[in-house]
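Listed below are the residues making up each chain.
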Amino acid sequence: MTRAVCPGSFDPVTNGHLDIIRRAAAIFDELVVATGTNPSKSRLFDPEERLDMLRALCADLPNVTVMGFTGLIVDFCREIDAQAIVKGLRGGNDYEYELPMAQMNSHLTGVETVFVPTNASLGYVSSSLVKEVASLGGDVSGLVPPLVHAHLQERLARS
Ligand code: PNS
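Residues numbered from 1 in each chain as written. Predicted model: local features only at pLDDT ≥ 70, side-chain atom pairs only at ≥ 80, totals over all residues. Heavy atoms only, no water.

Caption draft 1: Representation of the nonpolar core within the structure. Ile21, Leu31, Val33, Val64, Val86 and Leu152 are the most contacted members of the largest nonpolar core, which has 33 residues in total. If you list the elements that add at least two residues to this core, you get strand S1 (3-8), helix H1 (15-25), strand S2 (30-35), helix H2 (47-57), strand S3 (64-68), strand S4 (84-89), helix H5 (127-135) and helix H6 (146-158). Examining the composition of this core, we find that 5 residues originate from one element, H1, more than from any other. Apart from residues lying up to four places away in sequence, Val86 is in contact with Ala4, Val5, Cys6, Pro7, Ile20, Ala24, Phe28, Leu31, Val114 and Val116. Membership of the second largest hydrophobic core comes to 12 residues, among which are Ala34, Val74, Ile80 and Ala82. (Core = buried A, V, L, I, M, F, W, Y, C linked by side-chain atoms within 4.5 Å. Buried < 20%, exposed > 50% of the residue type's maximum accessible area, 1.4 Å probe, protein only. Helix = DSSP H or I, 4+ residues; strand = E, 2+ residues; numbered from the N terminus. Contact = heavy atoms within 4.5 Å.)

Shown next as structure tokens:
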């Protein structure tokens, strides 16, 4: 049985993330979507809200579970006995950013990273851009699921 981890901030989860999660779930026996916090990025949703949204959106995928993690991703992989990390690649910038992390993670514990190319129609979608556009009144309804769109509207109305 092969268990893989798909880590990310998911702040918030986008249609691009969900495309990668669904396609990775079709490759591996089990997929654990793992939410962490990247200290270099500004956060909109707290960890519990990100987990709740992901759990609702992955509920129809029987081999997918959603968990939070702190610390090194390789330690989390070891704790849950996962053999691989899955990352979506939108283009060259993602590759430049992800390659040294994949190499470091392989060096640390031998866990391998599998890169899945983003669907071409979603290559420009990122959580950061979604938050920026939404906060300035732009329409992001086609870029995130309706559940996330509702959370975004509610959160931005409060700020
Ligand atoms: O791509 P993202 O959304 O910024 O990823 C966030 C997260 C939390 C998944 C990423 O920052 C991460 O994996 N953090 C764990 C810390 C770690 O293992 N660092 C060493 C990487 S080689």
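Caption draft 2: Expanded view of the site of the ligand. Around the ligand lies a shell of 14 residues, among which Ser9, Asn38, Lys41, Leu72 and Ile73 are the nearest. Residue Lys41 places a side-chain N or O atom 2.7 Å away from an oxygen atom belonging to the ligand. When isolated, the ligand has an accessible area of 560 Å², and the protein chains bury 78% of it. For the shell around the ligand, the secondary-structure elements that each account for two or more residues are S1 and helix H4 (92-109). Broken down by element, the shell around the ligand gets its largest block of residues, 3 residues, from H4. In terms of residue class, the shell around the ligand is made up of 6 nonpolar, 7 polar and 1 charged. (Near = heavy atom within 4 Å. Polar contact = N/O pair within 3.5 Å; in protein donor to acceptor, adjacent residues only side chain to side chain. Areas by Shrake-Rupley, 256 points an atom, 1.4 Å probe, with all protein chains shown as cover. Nonpolar A, V, L, I, M, F, W, Y, C, P; charged D, E, K, R; others polar.)

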